[in-house]
Amino acid sequence: MPTPIHRTPRARLFRNTPVHHGKSHKHLVVCRANGEFVKHVNPHDIGELLVENEHFVWLDLQDPQPNDITLLREEFGFHPLAIEDATRTHERPKIDSYNTYYFLVFYCIGYDTTRDQLTPQAINLFIGKNYLVSVHHGAMPVIDETIKRWQANQAEFANNVGALLDAIVDDYFPVIDQLAERVERIEEQIFEHYDEQALQEVFQLKRDLLNLRRIVAPERDVLNILIRREVPLFERDIIQYLQDVYDHVIRITDSIDTYRDLLSSALDAFLSVQSNRLNQVVKILTIASIVLMSNALIAGIYGM
């Protein structure tokens, strides 16, 4: 059973110049617990670095190519099924436990304000006792932001996994705010202006909330497994960090459910308003038909 990671608060980060191979983008983060920098690291020396527990290695692979897959297999010894999952697009977040590491799928979620739609992006993580490997397609600004946070506050380096997941989940809150504004806008269209286009926006927003819940709800289960420490890789302070992320995910899930209920109420109100307007139209047509029928009745009687 692997021993937990022990890091000193004085740990420092170094990120060498990104290495490009074809269309892939690869950069390596190496840290020593005693504060020494490791410069110009050859990716093929990762296996030797992992043997020494005082090193912490973070390898980030963007748009991985076949040579990157070989690196994951030979230097880290990851299971072929985990490597296969890491290079494919996933519909749902998940976590798999192996003997000495976790493999998990998480999602970064952005919001395109020009098109009013969600922009989810999967990130695949291999989490070991002294390494973190992230595999994803497309740029991930949250990775660079997390590295900057570690550089600004070196004490957070021990919480590398927690800091990354926390940064990912923190980006969910602006997305929730955007969805809340859309709900308010739809309610205004229904109750103040009665815009018939609001019905289409209601169904579109309900679909976005459903897709968001399909991402966030499994992530709650992923964090729950990490907190239970089925594979004991984390110290207790990191578990507390993950519990804070778990609480944020719970809040986001509750917000999604609340907005779904509001949309259901808005949809019922829209149908009620539409029914009342239809009743008014039928009432006017009925009055008009009665007036015309009276004239026709009189003309028919005198005609006979």
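Before reading on, note that the structure itself is shown above.
These figures come from a predicted structure and were not determined experimentally. (Residues numbered from 1 in each chain as written. Predicted model: local features only at pLDDT ≥ 70, side-chain atom pairs only at ≥ 80, totals over all residues. Heavy atoms only, no water.)

I'm lost on the layout of surface pockets in this one. Help?
Rolled over the atoms, a probe sized like a water molecule indicates the empty space that remains. Estimated volume of the largest pocket: approximately 170 Å³. Lining the largest pocket, in full, are Glu-91, Tyr-107, Ile-109, Gln-117, Leu-118, Pro-120, Asp-208, Asn-211, Leu-212, Arg-214 and Ile-215. Broken down by element, the residue count for the lining of the largest pocket peaks at five residues, all from helix 7 (residues 198-228). When the residues that make up the lining of the largest pocket are grouped by side-chain class, the tally is six nonpolar, two polar and three charged. (1 Å grid on protein atoms, 1.4 Å probe; cavity = no way out; pocket = protein on both sides within 12 Å on 5 of 7 lines; lining within 4 Å. Points joined across faces, edges and corners; volume = space filled by probe spheres on them. Helix = DSSP H or I, 4+ residues; strand = E, 2+ residues; numbered from the N terminus. Nonpolar A, V, L, I, M, F, W, Y, C, P; charged D, E, K, R; others polar.)

What's the story with the environment of Arg-92 in this structure? I'm lost.
Residue placement: Arg-92 occurs in the loop between helix 3 (80-86) and strand 5 (94-97). Considered as a pair, Arg-92 and Val-105 are 13 residues apart in the sequence and their alpha carbons are 7.8 Å apart. Sequence-distant contacts of Arg-92, defined by excluding residues within four places in its chain, comprise Val-105, Tyr-107, Arg-214 and Pro-218. (Contact = heavy atoms within 4.5 Å.)

When you look at the pairing of strand 8 (residues 131-136) in this model, what are you seeing that I'm missing?
Side-chain positions along a regular strand alternate between the two faces of the sheet. In terms of residue burial, strand 8 counts as a mostly covered element, since six of its six residues are buried. In strand 8, alternate side chains face the same way, and those of Tyr-131, Val-133 and Val-135 on one face and Leu-132, Ser-134 and His-136 on the other are all buried. As defined by bridge partners, strand 4 (residues 55-62) adjoins strand 8 across six bridges and the pair is classed as parallel. What sits directly across from Val-57, in strand 8, is Tyr-131. Pairing of strand 7 (residues 117-128) with strand 8 involves five bridges; the strand directions are antiparallel. Looking across to strand 8, one finds that Ile-127 is bridged to Leu-132. (Buried < 20%, exposed > 50% of the residue type's maximum accessible area, 1.4 Å probe, protein only. Pairing = 2+ DSSP bridges.)

Even after reading the chapter, I still don't get the side chain of Asp-85, so can you show me in this structure?
Inspection of the secondary structure puts Asp-85 in helix 3. The exposure class assigned to Asp-85 is buried, which follows from its relative accessible area of 11%. Side chain to side chain, Asp-85 and Lys-94 meet in a polar contact 2.8 Å long. If near-sequence neighbours (up to four positions away) are discounted, Asp-85 is found in contact with His-90, Lys-94, Asp-96, Phe-103 and Asn-124. (Polar contact = N/O pair within 3.5 Å; in protein donor to acceptor, adjacent residues only side chain to side chain.)

Explanation requested: the packing of aromatic side chains in the structure shown.
Any pair of aromatic rings gets described here by the distance separating the centres and the angle formed by the planes. The full count for this structure, using the stated rule, is eight aromatic pairs. Geometrically, the ring pair formed by Tyr-101 and Phe-126 is tilted, given 6.3 Å between the ring centres and 55° between the ring planes. Within this pair, whereas Tyr-101 is found in strand 6 (residues 101-112), its partner Phe-126 is found in strand 7, the two being separated by 25 residues in sequence. Site record: aromatic cluster; members linked through ring pairs are Phe-76, Phe-78, Tyr-98, Tyr-101, Phe-103, Phe-126 and Tyr-131. (Phe/Tyr/Trp six-rings, centres within 6.5 Å; stacked < 30°, edge-to-face > 60°.)

Would you mind going over the environment of Val-183 with me for this structure?
With respect to the helices, strands and loops of the structure, Val-183 is situated in helix 6 (residues 172-193). Taking the C-alpha atoms as reference points, Val-183 and Val-202, separated by 19 residues in sequence, lie 8.2 Å from one another. Not counting residues up to four positions away in its chain, the partners in contact with Val-183 are Leu-205, Tyr-259, Leu-262 and Leu-263.

Shape descriptors only; they carry no functional weight alone.
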